[in-house]
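Chain by chain, the residues:
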Amino acid sequence: MSSEALSAPLAIEGASLAEAARSVLDCRDADEKARRAHEVADLWRTGRLDLQPGEMPPRPQRPERPQLLAPNRMPRRTFKGPRGRFALLHSLAHIELNAIDLAFDIAGRFIGRNVCGGTSLPRAFFDDWIKVGDEEARHFAALQARLVAMGGCYGDLPAHDGLWQAAEETKDDLLARLAVVPLVLEARGLDVTPPMIERLTAAGDHESADVLRMIYRDEQQHVGAGARWFSYVCKADKLDPGVTFQTLVRKHFRGILKPPFNVAARDAAGLERSFYEPLASR
């Protein structure tokens, strides 16, 4: 399906959240994907989507650019100077584009699944992840605007193709998805974003620093949503949250948890040190 076709408004009559979420993943154009995310979020907030289950695609559609490379084939870059700042913002835009798809995938994939002690997830779960996806789209658009202001756009540099791996690894396991995506990957953003803000501020790029401050504030809420729903499902299934988190991360996350951790931000989000610190030295 062309990006032009996907830019048409959703058919509201009889539409489900799963269908609408899938339309975000199936959108190939990056800017249109962000716009579609906002549209779906508005439809959900105004009660025009139902909670019927549906199939989600194995992978989201991607634009022709950027060129996607294996992580070990990515060129090494310095983040000094204007070109370095552009590369930094480009890499963050790529992360946010993937984050749009991850949020709408979790919202569409687990509708009707008996994942909480044999019962389905409450509506509040979907409220949270649609809100997350809406905010990730806002992040992408803000970063894209900064790239355009710097004379380029998203797609101008290669990007790595490892970010969807977490979704593929956890497509049938909600607890694993929550452990790896918000509680490992997004929590890592809480660790590394404040130093990036400092570097951009020191370079006089206050506009980009302001964008990262907005992202940082929102990401604390996203990690908080992950921690809240992880605990909710563990309680329903009578599982120890800390032990379950460590088991799932060891099984599904291909990497290590790297200190130093932003303990204050993680604590504020409800992510306890006892969850992640035992994994930092494995």
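Because the structure is predicted, anything quoted here is derived from the model rather than measured. (Residues numbered from 1 in each chain as written. Predicted model: local features only at pLDDT ≥ 70, side-chain atom pairs only at ≥ 80, totals over all residues. Heavy atoms only, no water.)

1. Quick notes on the overall build of the protein chain
Each helix and strand in the protein chain was counted, giving eleven helices and two strands. A globule of 282 residues ought to have a C-alpha radius of gyration of about 19 Å, and the protein chain, at 18 Å, matches this closely. C-alpha atoms of the protein chain, sized along the principal axes, occupy 55 × 50 × 30 Å. When burial is assessed residue by residue, the protein chain has 51% of its 282 residues classed as buried. In the protein chain, the share of contacts with a sequence separation of at least 24, taken over all contacts with a separation of at least 6, comes to 81%. The centroid of the 38 positive side-chain charges in the protein chain is displaced by 6 Å from the centroid of its 39 negative side-chain charges. (Helix = DSSP H or I, 4+ residues; strand = E, 2+ residues; numbered from the N terminus. Rg over C-alpha atoms; globule rule 2.2 N^0.38 Å. Buried < 20%, exposed > 50% of the residue type's maximum accessible area, 1.4 Å probe, protein only. Contact = heavy atoms within 4.5 Å. Lys, Arg positive; Asp, Glu negative; His and termini not counted. Charge placed at Lys NZ, Arg CZ, Asp CG, Glu CD.)

2. What to know about the packing of helix H2 (residues 17-25) against helix H3 (residues 30-45)
At a minimum axis distance of 8 Å, the contact between H2 and H3 shows a crossing angle of 165 degrees. Comparing their axes, H3 and H2 come out roughly antiparallel. As H2 runs across H3, the sense of the crossing is left-handed. Contacts between H2 and H3 involve Leu17, Ala20, Ala21, Ser23, Val24 and Leu25 from the first element and Lys33, Arg36, Ala37, Val40 and Trp44 from the second. (Axes fitted to C-alpha atoms, helices over the stretch in contact; angles between N-to-C directions. Parallel < 35°, antiparallel > 145°, perpendicular 65-115°, else oblique. Left-handed = near helix turned anticlockwise from the far one by under 90°.)

3. Re the pattern of salt bridges
Enumeration over the complete set of coordinates arrives at 22 salt bridges. Among the ionic pairs, arginine 85 bridges to aspartate 205, the shortest N-O distance being 3.6 Å. Highlighted residues: arginine 85 in helix H4 (residues 81-109) and aspartate 205 in the loop between helix H7 (174-202) and helix H8 (206-236), separated in sequence by 120 residues. By relative accessible area, which is 18% here, arginine 85 ends up buried. A residue is classified by how much of its surface remains accessible, and aspartate 205, at 6% relative accessible area, is buried. Between aspartate 191 and arginine 266 there is a salt bridge whose closest N-O contact spans 2.7 Å. (Salt bridge = Lys/Arg side-chain N within 4 Å of Asp/Glu carboxyl O.)

4. Looking at empty space enclosed by the protein
If a probe the size of a water molecule is rolled over the atoms, the empty space left behind becomes visible. Using the criterion set out here, one finds one cavity of 30 Å³ or more in the structure. Roughly 60 Å³ of internal volume is contained in the largest cavity. If you go around the largest cavity, the residues you meet are Arg59, Pro60, Arg62, Leu68, His94, Asn98, His160, Asp161, Gly162, Leu163 and Trp164. Looking at the lining of the largest cavity residue by residue, the class counts come to four nonpolar, four polar and three charged. (1 Å grid on protein atoms, 1.4 Å probe; cavity = no way out; pocket = protein on both sides within 12 Å on 5 of 7 lines; lining within 4 Å. Points joined across faces, edges and corners; volume = space filled by probe spheres on them. Nonpolar A, V, L, I, M, F, W, Y, C, P; charged D, E, K, R; others polar.)

5. Looking at the environment of arginine 228
Note that arginine 228 resides in helix H8. Spatially, the C-alpha atoms of arginine 228 and leucine 271 are 8.9 Å apart, while their sequence positions differ by 43 residues.

6. Quick look at the confidence of the model for the protein chain
Across the protein chain, the average pLDDT comes to 91, with 94% of residues at or above 70. Contacts of residues 1-7 to residues separated by more than four positions or lying in other chains number ten contacts, the stretch itself having pLDDT below 50. (pLDDT = per-residue confidence, 0-100.)

7. Considerations on the nonpolar core
Membership of the largest hydrophobic core comes to 88 residues, with the highest contact counts inside it found for Ile100, Phe104, Leu121, Trp129, Leu174, Phe230 and Phe245. The greatest single-element share of this core, amounting to 14 residues, is contributed by H7. Leaving out residues up to four positions away in the same chain, leucine 121 has contacts with Phe110, Arg113, Val115, Cys116, Phe126, Leu174 and Val233. (Core = buried A, V, L, I, M, F, W, Y, C linked by side-chain atoms within 4.5 Å.)

8. Describing helix H5 (residues 123-149)
The end-to-end C-alpha distance of H5 is 39 Å, a good match for the 39 Å that 27 residues give at a rise of 1.5 Å each. Looking one or two places after H5, you find glycine 151, whose phi comes out positive at around 100 degrees. (Expected span 1.5 Å × (residues − 1).)

9. Concerning the side chain of glutamate 96
Relative to the elements of secondary structure, glutamate 96 occurs in helix H4. Here glutamate 96 sits buried without a salt bridge, and the closest side chain of opposite charge, arginine 138, lies 9.8 Å off (N-O distance). Ignoring anything within four residues of it in the chain, the contact list for glutamate 96 reads Glu136, His139, Phe140, Leu143, Ile215 and Glu219.

10. Some words on the packing of H5 against H8
The contact between H5 and H8 brings their axes to 10 Å, and the two run at 165 degrees. Compared by their axis directions, H5 and H8 come out roughly antiparallel. In the crossing of H5 with H8, the sense of the turn from one axis to the other is left-handed. The residue makeup of the contact of H5 with H8, split by class, is twelve nonpolar, four polar and nine charged.

11. A few points about the state of the cysteines
The final tally for this structure, using the stated rule, is zero disulfides. Not part of a disulfide, cysteine 153 finds its nearest cysteine sulfur in cysteine 27, a span of 16 Å. (Disulfide = S-S within 2.5 Å.)

12. Quick look at H8
For H8, which comprises 31 residues, the first-to-last C-alpha distance of 45 Å matches the rise-based estimate of 45 Å (1.5 Å per residue) to within 8%. Looking one or two places after H8, you find lysine 238, whose phi comes out positive at around 55 degrees.

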